[in-house]
Amino acid sequence: MRHLLAIDDLERSDVEELMELTDSFLEVSGREIAKVPALRGRTVVSLFYEDSTRTRISFETAAKRLSADTMTFGVSGSSAAKGESLRDTVRTIEAMGIDAVVVRHASAGAPQRVAGWIDAGVVNAGDGRHEHPTQALLDCYTLRRRLGPSLEGLRVAIVGDVANSRVARSDVKALRLLGAQITLVAPPTLLPSSLRGWPAEVAHDLDSVLSDVDVVILLRLQRERQSEALFPSLREYSLRYGMTADRARRLGPDALVMHPGPMNRGVEIDAEVADGARSTITEQVGNGVAVRMAVLYRMLASGGTDV
Amino acid sequence: MSAPGPVDGPASDDAVFHTRVFDADDLRRAHTRIAHEIVERNHGADNVVLVGLYTRGVAIARRLAASICTFEDADVPVGALDVSFYRDDIALRSVQPVGPTEVPVDVADRTVVLVDDVLFTGRTVRAALDALTELGRPRAVQLAVLIDRGHRELPVRADYVGKNLPTRTAEDVRVRLHETDDSDDVVEIWGPVEEPGRSAGDRSSEGRSSGSRPS
């Protein structure tokens, strides 16, 4: 694996191998000294053109637990703010001798462009409305930890702002790759204009699917990406699509509730549900570090020559 | 006892079967003897932890623990150690971890017996020592191997040896265990087709005899 740009680039066996690798890194993460020397002497740079605290810290924690050196290139205060092009920025960073770049960018396809310009490995940490592959991998991993290694036939509802969500796009592809059945639940205004290429069913009424799903993935309402009013009010959204305590009670007894974070408590999800037994939200964060360790290890530990 | 003959295995290139070294009975005798040696040397088994190196080392460690259980009133804990992240060739080839490290007890102040199937260059054991150190500070670390095939590249020595087996570097020592390989228990030497006129004179015998090395 030379780069991780999109779930689209992966085969089912790649995802399964990464999941198995993640088991080893979860064990490492649980140690008193959570560090192995696997990537000693390697340098991983976070190149973040969009605000993100949790993803950046998750990647940096992952790199440090593998003993790689890490650097952060944020936009504010850097030369990008002075007008330097992405290409020049990336070339400059590469000239410093780095092994991998973790890229987050507001434009879909930016990590792919970066991968074409440099020899270092590139990980997509979210590009516009396109993909967020490591989030999808950690969601799959979290489900495997909870439910066992096979997700075949698992019924998953992805609820909310699908149109603006790169998490939804990656989740659908990854979960489908592992055999899950996906239903997108959203008002028509929050669904993509075309659902071609989305191997999923669509529903507009959350209440009608509650009793038929094993997992509900709630998406964050991305108000920063919405240029117009797509629903009447937050309260109205929450009434129709929020995971309230009442809705959670109508889920199957073992159904799980996931959220990629950051949460808008009281909008997509009630605090009571977010902190309840069905919620995997905290596990998702912990598993995220282990999954990112697996990705970085796969890219850098074997010279990137295989798979 | 299984019929002699080559076992199936991932043939490295065009390796052919050379000799069978151990059959299932030989293997049982070897680990029974090693089990006794471990208990004798440590004056009992109370403070001993057996830590197998993935994959076959773990199976052998379990056998040793089961064996000790039959003659000593002790339930010896067994762990599994993955050394991948500590290997020195991690940047040179694809090193994939086999499974998560799992050691059920705190190794601090205990005697850890590392268990592996074949001792060759010593690099795996070096990596294992690093991996083990991160779990705690054992009182002592000992090494038990089924086969010592020579060709050490690091100053590593086993405390318990099933059999010292002179080999050529081109040869492959194949340990097959029913727990891990869907095969009868055997140890065999595989290697290149013997060229006429070439003897086994370059075998690394290093003047050792078979059996346990005096410790």
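Parameters and conventions
Residues numbered from 1 in each chain as written. Chains lettered and ligands numbered in written order. Predicted model: local features only at pLDDT ≥ 70, side-chain atom pairs only at ≥ 80, totals over all residues. Heavy atoms only, no water. Domains from an automatic or database assignment. Contact = heavy atoms within 4.5 Å. Buried area = accessible area lost by both parts, 1.4 Å probe. Salt bridge = Lys/Arg side-chain N within 4 Å of Asp/Glu carboxyl O. Polar contact = N/O pair within 3.5 Å; in protein donor to acceptor, adjacent residues only side chain to side chain. Helix = DSSP H or I, 4+ residues; strand = E, 2+ residues; numbered from the N terminus. Nonpolar A, V, L, I, M, F, W, Y, C, P; charged D, E, K, R; others polar. Axes fitted to C-alpha atoms, helices over the stretch in contact; angles between N-to-C directions. Left-handed = near helix turned anticlockwise from the far one by under 90°. Buried < 20%, exposed > 50% of the residue type's maximum accessible area, 1.4 Å probe, protein only. Pairing = 2+ DSSP bridges.

Undergrad: Would you mind showing me how to read the domain arrangement of chain A here?
TA: Often the size quoted for an interface is simply the accessible area lost on bringing the parts together. All names here are of chain A. The assigned domain composition of chain A is domain 1 (7-131 + 285-300) and domain 2 (133-279). The partner domain 2 presents 27 residues to the 31 residues of domain 1 that form the contact. Of all residues in domain 1, Ile7, Met19 and Arg129 give up the largest surface area on contact with domain 2, accounting jointly for 27% of the area buried on that side. For the pair domain 1 and domain 2, the interface holds 4 salt bridges. Counting across the interface, domain 1 meets domain 2 through 11 residue pairs in polar contact (both at pLDDT 80 or more). Those elements that place two or more of their residues in the side of domain 1 that touches domain 2 are helix 1 (12-29), helix 2 (54-65), strand 3 (100-105), strand 4 (121-127) and helix 11 (281-300). With 9 residues, helix 1 is the single largest residue contributor to the side of domain 1 that touches domain 2. For the side of domain 1 that touches domain 2, the class distribution of residues is 10 nonpolar, 8 polar and 13 charged.

Undergrad: How should the pattern of salt bridges be read in this particular structure?
TA: One side chain can pair with another of opposite charge once the charged atoms of both are near each other. Residue and element names in this part refer to chain A. For the structure on display, the rule yields 31 salt bridges over all chains. The residue Glu283 makes a salt bridge to Arg146 at a minimum N-O spacing of 2.5 Å. Here Glu283 is found in helix 11, whereas its partner Arg146 is found in helix 5 (residues 133-147), with 137 residues between them in sequence. Where salt bridges share partners, they join Asp207, Asp246, Arg247 and Arg250 into one cluster.

Undergrad: In this structure, what is going on with the packing of helix 1 of chain A against helix 11 of chain A? I would like to understand it.
TA: How two helices sit against one another is set out by the angle between their axes and by the gap between those axes. Residues and elements named next belong to chain A. The contact between helix 1 and helix 11 brings their axes to 8 Å, and the two run at 120 degrees. As for the relative orientation of helix 1 and helix 11, their crossing is right-handed in sense. Contacts between helix 1 and helix 11 involve Glu17, Leu18, Leu21, Thr22, Phe25, Leu26, Val28 and Ser29 from the first element and Gly286, Asn287, Val289, Ala290, Val291, Met293, Ala294, Val295, Tyr297 and Arg298 from the second. Class assignment for the residues of the contact of helix 1 with helix 11 results in 12 nonpolar, 4 polar and 2 charged.

Undergrad: How should the pairing of strand 8 (residues 215-218) of chain A be read in this particular structure?
TA: A regular strand places its side chains on the two faces of the sheet in alternate fashion. Residue and element names in this part refer to chain A. Burial along strand 8 is two-sided: the residues Val215 and Ile217 and Val216 and Leu218 are all buried. In this sheet, strand 8 lies alongside strand 5 (residues 155-159) in parallel orientation, the contact comprising 4 bridges. Directly across from Ala157, in strand 8, lies its bridge partner Val216. Examined bridge by bridge, strand 8 and strand 9 (residues 256-258) share 3 bridges and lie parallel to one another. For Ile217, the partnering residue across the bridge sits in strand 9 and is Met258.

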